[in-house]
Amino acid sequence: MEIFLTNTLTKKKERFKPLNPDRVGIYTCGLTVYNYAHIGNLRAYVFSDILKRMFLYNDYAVKHVMNITDVGHLTSDDDEGEDKLEAGARREGKSVWEIVDFYTDAFLKDMEALNIIRPDIVCRATEHIDDMIEMISRIEANGYTYIAGGNVYFDTSKIDDYGKLSGLKRNEESARSRVEADPYKKNPFDFVLWFTRYKYESHAMQWDSPWGRGFPGWHIECSAMSSKYLGERFDIHTGGIDHVPIHHTNEIAQSEAAFGHDWVNYWLHNEFLIIGNNEKMSKSLGNFIRLQSLVDQGYNPLDYRYYLLGAHYRKQLAFSIEAMDAARNAMKRVRAKINEMKANEPGKFDSTAFEKMNNDFRNAVNDDLNTPKALAVLWKVLDSDTLSNETKLSLTKEFDRVLGLDLLAEEPQEIPREVITMAEERLEARRARNWKKADTLREKIAEQGYEIMDKKDGYEIRRS
RNA sequence: GGCGACGUAGCCAAGGGGUCAAAGGCGGAGGUCUGCAAAAUCUCUAUUCGAGGGUUCAAAUCCCUCCGUCGCCUCCA
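What you see is a predicted model, and the numbers here were worked out from it, not measured in a lab.

Give me the lowdown on the overall build of chain A, citing residues and values where you can.
The helix and strand tally for chain A stands at 15 helices and 16 strands. For chain A, the residues scored as buried account for 52% of the 464 residues in total. Here chain A has roughly 22,000 Å² of accessible surface; of this, 46% comes from carbon and sulfur atoms.

Just give me the short version of the sheet that holds strand β7 (residues 151-154), but keep the residues and values in it.
With antiparallel pairing, the 4 strands of this open sheet are ordered in space as β6-β7-β8-β9. The open sheet has two edge strands, β6 (145-148) and β9 (215-216), and neither has a second partner. Relative to β9, strand β8 (residues 191-195) is paired through 2 bridges, and the arrangement is antiparallel. Paired with Trp-194 across the bridge in β9 is Pro-216. Relative to β8, helix α4 (residues 129-141) is tilted by about 125 degrees, and along the sheet it contacts β6, β7, β8 and β9.

Explain helix α14 (residues 417-431) to me, and be specific about the residues and the numbers.
Under the 1.5 Å per step criterion, the end-to-end length of α14 is 21 Å for 15 residues, consistent within 8% with the ideal 21 Å. For α14, the set of buried residues is Val-419, Met-422, Ala-423, Arg-426, Leu-427 and Ala-429. Along the axis of α14, the buried residues cluster in a sector spanning 160 degrees; they form a single face. The secondary structure elements touched by the buried residues of α14 are α15 (435-447), β15 (450-455) and β16 (458-463). Looking at the residues trailing α14, positive phi occurs at Arg-433, about 55 degrees.

Give a description of the nonpolar core that names residues and reports values.
Grouped together as the largest cluster of nonpolar side chains are 127 residues, with contacts concentrated most on Leu-5, Phe-55, Ile-236 and Tyr-304. A per-element tally of this core places helix α1 (residues 39-57) first, with 11 residues. Inspection of this core shows a minimum of three residues originating in each of domain 1 (4-270) and domain 2 (275-403). Setting aside residues no more than four positions away along its own chain, Tyr-304 makes contact with Ile-39, Gly-40, Leu-42, Arg-43, Leu-114, Leu-273, Leu-291, Leu-294, Phe-319 and Met-324. Core analysis: the next-biggest nonpolar cluster, separate from the first, contains 8 residues, Val-419, Ala-423, Ile-445 and Tyr-450 among them.

Could you give an account of the sheet that holds strand β10 (residues 234-240), naming the residues involved and the relevant values?
The 5 strands lie next to each other as β5-β4-β3-β10-β11, forming an open sheet whose pairing is parallel. Edge strands, defined here as strands with exactly one partner in the open sheet, are β5 (121-124) and β11 (264-270). The sheet shows a mean angle of 20 degrees between the axes of neighbouring strands, direction not considered. Of the pairings in the sheet, the one linking strand β3 (residues 23-28) to β10 comprises 3 bridges and is parallel in character.

Account for empty space enclosed by the protein, naming residues and giving values.
If you walk through the whole model with that rule in mind, you get 5 cavities of 30 Å³ or more. What the largest cavity holds in volume is close to 100 Å³. Taken together, Arg-43, Val-46, Phe-47, Ile-50, Leu-308, Leu-309, Ala-311, His-312, Tyr-313, Leu-369 and Thr-371 make up the lining of the largest cavity. Going through the elements one at a time, α1 and α9 (301-309) are the ones with two or more residues in the lining of the largest cavity. If one sorts the elements of the lining of the largest cavity by residue count, α1 sits on top with 4 residues. Among the residues forming the lining of the largest cavity, the class breakdown is 8 nonpolar, 2 polar and 1 charged.

Cut-offs applied
Sequence order as written defines residue numbering, which begins from 1 separately in each chain. Ligands are numbered from 1 and chains lettered from A, in the order in which they are written. Totals for whole chains, interfaces and linings use all residues, but because this is a predicted model, local features are given only for residues with pLDDT of at least 70 and pairs of side-chain atoms are given and counted only at 80 or more. Hydrogens and water molecules were not included; the side-chain quantities draw on all heavy atoms of the structure. Under the scheme used here, helices are H or I runs from DSSP no shorter than 4 residues and strands are E runs no shorter than 2 residues, and both carry numbers assigned from the N terminus. Partly exposed describes any residue whose relative accessible area lies between the buried limit of under 20% and the exposed limit of over 50%, with all areas from a 1.4 Å probe on protein chains only and scaled to the type maximum. Residue exposure ignores everything except the shown protein chains as possible cover, and the areas themselves are Shrake-Rupley values with a 1.4 Å probe. One bridge is not enough; two strands pair if DSSP finds at least two bridges between them. A contact between two residues is defined here by any heavy atoms of the two lying within 4.5 Å. For helices, the fitted line uses only the C-alpha atoms of the stretch in contact; every axis is such a line through C-alpha atoms, and the angle between N-to-C directions lies from 0 to 180 degrees. Residue count minus one, scaled by 1.5 Å, sets the expected span of a helix. Summarising the geometry, the arc corresponds to the directions from the helix axis toward the C-beta atoms. The nonpolar core is taken to be a set of buried Ala, Val, Leu, Ile, Met, Phe, Trp, Tyr and Cys residues, with the residues joined through side-chain atoms within 4.5 Å. An automatic or database domain assignment supplies the start and end points of every domain. Within this scheme a cavity is a closed region of a 1 Å grid, computed over the protein atoms alone, that accommodates a 1.4 Å probe without allowing it to escape, whereas a pocket is open but has protein on both sides within 12 Å along at least five of seven lines; lining residues each have an atom within 4 Å of a point. Grid points are joined across faces, edges and corners, and a volume is the space filled by probe spheres set on the points. Each residue receives one of three labels: charged for Asp, Glu, Lys and Arg, nonpolar for Ala, Val, Leu, Ile, Met, Phe, Trp, Tyr, Cys and Pro, and polar for the others, Gly being one of them.

Listed below in structure tokens is the structure:
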């Protein structure tokens, strides 16, 4: 079965060819843990999860690595810049290490709530300082660095194809906004591999290195850790589209400088989630919505996942509560249909129909993760009146391996005793054709947050 | 200033030269069911794809112009 993915490196949808047959290595740029993840951040991880699940569904063995950026990085490049983690620590009166642990934990919990399969390896930058130092040494030995003002810089002028990922042109216009940044840089695009010159005396996170006590530049962690776990060549690197021009561009430059050969075959980037009034959701703008905020508003985290799957990962998506409502209602109906299928006669399993529908689904997800189309196939199955329940259930289960919406989950509903009592009372009233009393009881049950649906000679209650 | 993306029904959103008189979901309208509801179910809900040109036997899909929206170029998913 062929798989097509849009590769940022070539800007084309390409047929995926793994480095090793039936195996794929994926590296995902994780979160900088100085604050909670917002729902925009989370889009990136739902995306990489779908990617991984798609490969698993196609019978690949997947090794998925994700980093946690827990080394502080600067909020801006000028002298006002301050370290994000230090800022977070000061804000909350905690140590940077406490901050890091707290938000890492919160992040992993959000991922779990979204039914994201935990990456095989979740690696923290602070636990791989030695690997970074070793890699910087390699880059240095290969002649791609210089030291200025106490910092080790990567010399981008030594790379012919620097910026190949973003189609960057190294002219003055492109560099315009960076010129004033750092007087020690030889070229505007150069970046720091190792800092010993601090902006803040109090910088809490520091380590010894051949270049002096300090801390690593941002980009090196991903190069060092991905290669450590996936090898010096690997298949796929994912991340948000914002990483294309700087972070991933620099990762490529330093990695290829260190290894002396091409590094990653496929670069996949997800587009942003945009907040209502056409603004990027960002931590620094302070306009972020957490997954927990949605839960507080009565949405299930998987409603949000469904919402995301309704749009292609490479398209900007404008968040709105209306769209969340649509997703929640859709999920509710899907669940209701599945419960009904489970409750009714299974019927005969139709392997021909199964193969046909499964193929449609596979074609959708294998085509650059077309989840909107995949969901359309799901609905076609659910609404089919030719497929048996057994076939539908099997298909749903199969689809959910990729969708990850936990569609087959049993939701044991505990109905409070008093609600059941009222329902029984109402049943009696209805038998006695006392409609007034029956209606009053229905209202009372609704007030308790349950809805009652009449059946032939009984009722069904569920949480509304 | 440089780079990139997008504009499809009330809303969200696939499609990306003919099989499209354009998937799917949400919402809405009507019918069936019901004591009435709810749930379920059926039917309907874009002769048209931002606007205007062009290429073609054929365009939502390719090209040009314009209008509008958004992202990146500072840390960011």
